[in-house]
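# Overview (structure and organization)
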Amino acid sequence: MPSGGGLRPVLTVDTMKTDPELEEVLRIARAAERRVRAIYATDFTVELKGPGDPVTRADREASDIICESLAASFPGDAILSEEGVPGDPAEVARLVASRRVWFVDPLDGTREFTEHIGQFAVMIGLAVAGRAELGAVVMPADGEAIAGRIGGAAFAEDAQGARRRPLSVSAVSDPRDATIVVSRSHRPPLLDALLNHLGVASVVPCGSVGVKVARLVLGQADLYVHDGGGAKRWDTCGPEAVLTAAGGRMSDLDGASIDYRSDDLVLRSGIVATNGALHEAVLSAVAASRGRAAAARSDDRHVTKGS
């Protein structure tokens, strides 16, 4: 995988607009973003899909806009949205087995949306033959968007539509110089051991997987680790494509690529997202930290049995 810091060709605005499919996806994401922003300005109500799992009109209406637009623009492609997962597991398996699958998170960071913290995003990703290929992530709070295709370039677009250079992740290669973005709402058990092992001193809490990855793509942070359990495949497909296009890397905690053909939509093996230059060091630290945690649990069991 490529790592950050390498020279990249300078792309003009015109050459950044030669991917009609990516342009259409960004247009669709922008339409959903406008609906999310309009609802954000109202006195909206919050429901719960489950314990600690809020949902609002913004989630549902943005999902409708995106799914209807994708179906019209890319007929025949499979579409899987967080707000429209089929109840029949066989139908989920049929969808993800398609060659081209759109993964949609219409409002990533609903908790932050409901708390009026601007760290939420509209996300669309395309997986082809089980691998992330293209993505767009739009952050309604400030109108910033990132988009890209693997094998192409990643770019940023502001609320007025102005685009910035092809984006490149940071060149930081020493974990002691790195900034890690972590969840606002929960601190994974793995995190403290990982930070100690790597020697990372700069830790920035942040909502939304999409916003976290945007910070890596924009060079504001260098790595992100999620230890599994809560994130789903629609949380990573779009962000992974943009991150990879910008020279970064995403995998699970074991270093394996994320397989978007799986009908288990939960990312049970977690997420490691980095600038590429740090990836192997982070994977090694994850393995060491998990080993120490397992040994500690084993010691605790032996003490309990002997007491």
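First, a word on what this report is: a plain description of the structure on this page. (Residues numbered from 1 in each chain as written. Predicted model: local features only at pLDDT ≥ 70, side-chain atom pairs only at ≥ 80, totals over all residues. Heavy atoms only, no water.)

### Considering the nonpolar core
Just so we agree on the cut-off: The set of buried Ala, Val, Leu, Ile, Met, Phe, Trp, Tyr and Cys residues whose side-chain atoms join them within 4.5 Å is what this entry labels a nonpolar core. Three exposure classes are used, based on accessible area relative to the maximum for each residue type with a 1.4 Å probe and protein chains only: buried under 20%, partly exposed in between, and exposed over 50%. Here a strand is any run of E in DSSP of at least two residues, a helix any run of H or I of at least four, and the numbering for each starts at the N terminus. Note on contacts: a residue pair qualifies if any of its non-hydrogen atoms lie within 4.5 Å across the two residues.
Core analysis: the largest hydrophobic core is formed by 44 residues, its most contacted members being Phe103, Ile146, Leu167, Val217 and Leu243. Broken down by element, this core gets its largest block of residues, 6 residues, from helix α6 (residues 209-217). Leu243 has contacts with Val169, Val213, Leu216, Val217, Gly248, Arg249, Met250, Ala273 and Thr274, leaving out every residue within four places of it along the chain. Core analysis: the next-biggest nonpolar cluster, separate from the first, contains 32 residues, Ile39, Tyr40, Leu126 and Val138 among them.

### Observations concerning empty space enclosed by the protein
Applicable threshold: Only protein atoms enter the calculation, which uses a 1 Å grid: trapped sets of points that fit a 1.4 Å probe without letting it out are cavities, open sets showing protein on both sides within 12 Å along at least five of seven lines are pockets, and any residue with an atom within 4 Å of a point is a lining residue. Grid points are joined across faces, edges and corners, and a volume is the space filled by probe spheres set on the points. Side-chain classes are defined by residue name, with Ala, Val, Leu, Ile, Met, Phe, Trp, Tyr, Cys and Pro counting as nonpolar, Asp, Glu, Lys and Arg as charged, and the others, Gly among them, as polar.
Summed over the entire model, instances satisfying the criterion amount to 1 cavity of 30 Å³ or more. Within this model, the largest cavity holds a volume of roughly 30 Å³. Contributing to the lining of the largest cavity are Val182, Ser183, His186, Pro188, Leu191, Tyr224, Val225 and His226. Broken down by element, the lining of the largest cavity gets its largest block of residues, 3 residues, from strand β12 (residues 223-226). Residues of the lining of the largest cavity, tallied by class, amount to 5 nonpolar, 3 polar and no charged.

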